[in-house]
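Close look at the chain arrangement
Here are the chains, one letter per residue:
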Amino acid sequence: MVTISDRKKNILKVIILGDSGVGKTSLIQRYVNGKYTQQYKATIGADFSTKDVEVEDINGGKATATLQIWDTAGQERFQSLGVAFYRGADCCILVYDVANEKSFAKLKTWRDDFILNSNVSNPDSFPFIILANKMDIDDSKKQVSTKQANDLINELSNGTSGDNGDSSSVPKKTIPLFFTSAKGDLNVENAFKEVARKALQQNQYQLSTTMFDDDEDFSNAINIRLDGSSNDSCQC
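All residue numbers refer to positions counted from 1 along the written sequence of the respective chain. Totals for whole chains, interfaces and linings use every residue, but because this is a predicted model, local features are given only for residues with pLDDT of at least 70 and side-chain atom pairs only at 80 or more, for both listing and counting. Excluded from the side-chain calculations are hydrogens and water; all other atoms, namely the structure's heavy atoms, are used.

For a regular strand, side chains alternate in direction, first toward one face of the sheet and then toward the other. Each residue gets one of three labels from its accessible area relative to the maximum for its type: buried under 20%, exposed over 50%, partly exposed in between, using a 1.4 Å probe on protein chains only. Helix numbering and strand numbering both begin at the N terminus, where a helix is a DSSP run of H or I of at least 4 residues and a strand a DSSP run of E of at least 2. Within strand β4 (residues 91-97), seven of the seven residues are buried, leaving the element largely enclosed by the surrounding structure. The alternating pattern of β4 places C91, I93, V95 and D97 on one face and C92, L94 and Y96 on the opposite face, and all of these are buried. Direction of pairing for strand β1 (residues 11-17) relative to β4: parallel, over a ladder of four bridges. Counterpart to I16 in the pairing with β4 is I93. Only strands that DSSP links by at least two bridges are regarded as paired with each other.

Structurally, the position occupied by D139 is in the loop between β5 (128-133) and α5 (146-158). A sequence separation of 40 residues divides D139 from A99, and the C-alpha atoms of the two residues are 9.0 Å apart. Polar contacts involving the side chain of D139 include one to the side chain of K142, which spans 2.9 Å. Any N or O atom pair separated by 3.5 Å or less is treated as a polar contact, with the protein-specific requirement of one donor-capable and one acceptor-capable atom, and with residues adjacent in sequence counted only for side-chain atom pairs.

Turning our attention to the pattern of salt bridges. Pairing between side chains of opposite charge can happen when their charged atoms approach one another. Each salt bridge in this description consists of a side-chain nitrogen of Lys or Arg and a carboxyl oxygen of Asp or Glu lying within 4 Å of one another. Tallied over the entire structure, the rule returns seven salt bridges. In this structure, K142 and D139 form a salt bridge, with 2.9 Å as the shortest nitrogen-oxygen distance. The exposure class assigned to K142 is partly exposed, which follows from its relative accessible area of 23%. The class of D139 is exposed, set by a relative accessible area of 59%. Here D151 and K147 are joined by a salt bridge, their closest N and O atoms 2.8 Å apart. One end of the pair, D151, and the other, K147, are both in helix α5, four residues apart, so they sit about a helical turn from each other. Residue classification places D151 among the partly exposed positions, given a relative accessible area of 39%.

Counting 28 residues, the largest nonpolar core has Y31, L67, I69, I93, L131 and F192 as the members making the most contacts within it. Those elements that provide at least two residues to this core are β1, α1 (24-33), β2 (46-56), β3 (62-72), β4, β5 and α6 (188-208). At seven residues, the largest contribution of residues to this core is made by α6. The contact criterion used throughout is that any non-hydrogen atoms of two residues lie within 4.5 Å. With residues up to four places along the chain from it excluded, the contact list for I93 reads V14, I15, I16, L17, I129, L131, F192 and V195. As used in this record, nonpolar core signifies buried Ala, Val, Leu, Ile, Met, Phe, Trp, Tyr and Cys residues forming a set joined through side-chain atoms within 4.5 Å. Among the nonpolar cores identified, the runner-up in size contains 27 residues, and F85, C92, L107 and L152 belong to it.

Written out as structure tokens, the structure is:
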């Protein structure tokens, strides 16, 4: 059985999901590069950015890891391309736009789609985090209330996964909710710190229950770009 110290490099894979235009790429760019732009370019398939972080591990100590954040397509015609990148994730971020109620209503669909296609071993304990983005806009333009957000958190956290009607299924863990603004740099750092913490704990749990060959190499991150573009472009 392998521990976290057995790996040459600790890479945490995070998937960020949500409707097109909710600000997924802008959140990533703000967190990774400290930048924000209003330029809009739809993500096609998937792209990723990385950031080295120090995070609390499963034993309460500190660990250094590379956070690999996968930005997936929100537009329906590109979604099937992004699904291929779900597997192997350590955490999933669900994003909605507080000024777009439809994007909020789709969160459960995004969550269910991820569970269906990621092949996670235990959906009830897998870490999800919800970001209510674009909090910088005027209150009069907001379509999703804090109460609605908390009600959804309770529904997703306290329900059980699967459609088999088995009421004895293990309850889900509480899903963290962060109110963010990529434009105003509101709560973005705090949200991703929690993402990193949850991802590392999930990663360490998976490692503790998985057997690997001694000569297996985990040192290299996947480096796939569908269009050859760099991380500097904004693909909101």
